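Fold and contact review
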Amino acid sequence: MGLPIGLLDEAADIIEQVAGRIAADGWSVCPCGEEHGQSVSDTKVPGVMRSDAEFIRKIRAKGDA
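So, a few notes on the structure that sits alongside this text. Quantities reported herein were computed from a predicted structural model and do not represent experimental measurements.

With that settled, the discussion passes to the overall build of the protein chain. For the protein chain, the count of helices and strands is 2 helices and 0 strands. Expected size for 65 residues packed as a compact globule is a radius of gyration near 11 Å; at 15 Å, the protein chain overshoots this value by more than 25%. Dimensions along the principal axes, computed over C-alpha positions, put the protein chain at roughly 45 × 20 × 15 Å. Accessible area of the protein chain: about 4,900 Å², with a carbon and sulfur share of 59%. Placing the 7 positive and 11 negative side-chain charges of the protein chain at their respective mean positions leaves the two points 7 Å apart.

In structure tokens, the structure reads:
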């Protein structure tokens, strides 16, 4: 069973939107709100998510070929 190719577009767009929201509003892996040395990791999350979205788009492009 295959996935509709549009699902990949949707997934990449959602990941990109979440990355943008995290970058604008902040986000932490620690729910307590205190600094435990996680701020460096927290700031990397949007970039990692954008890389994931780009990877999905590359897979999507192969579906057009």
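Secondary-structure assignment places C30 in the loop between α1 (5–25) and α2 (39–64). A relative accessible area of 19% means that C30 is categorised as buried. For the pair C30 and E16, spaced 14 residues apart in sequence, the C-alpha separation works out to 22 Å. Excluding its chain neighbours within four sequence positions, the residues that come into contact with C30 are H36 and Q38.

Turning our attention to the side chain of R60. With respect to the helices, strands and loops of the structure, R60 is situated in helix α2. Its relative accessible area of 17% is what places R60 among the buried residues. With residues up to four places along the chain from it excluded, the contact list for R60 reads I5, L8 and D9.

Before going further, it helps to spend a moment on the state of the cysteines. Applying the stated criterion across every chain yields a total of 0 disulfides. Among the cysteines around C30, which has no disulfide bond, C32 carries the closest sulfur, lying 3.2 Å off. Under the relative-accessibility criterion, C32 is labelled partly exposed at 45%.

Rules used in this analysis
Residues numbered from 1 in each chain as written. Predicted model: local features only at pLDDT ≥ 70, side-chain atom pairs only at ≥ 80, totals over all residues. Heavy atoms only, no water. Helix = DSSP H or I, 4+ residues; strand = E, 2+ residues; numbered from the N terminus. Rg over C-alpha atoms; globule rule 2.2 N^0.38 Å. Areas by Shrake-Rupley, 256 points an atom, 1.4 Å probe, with all protein chains shown as cover. Lys, Arg positive; Asp, Glu negative; His and termini not counted. Charge placed at Lys NZ, Arg CZ, Asp CG, Glu CD. Buried < 20%, exposed > 50% of the residue type's maximum accessible area, 1.4 Å probe, protein only. Contact = heavy atoms within 4.5 Å. Disulfide = S-S within 2.5 Å.

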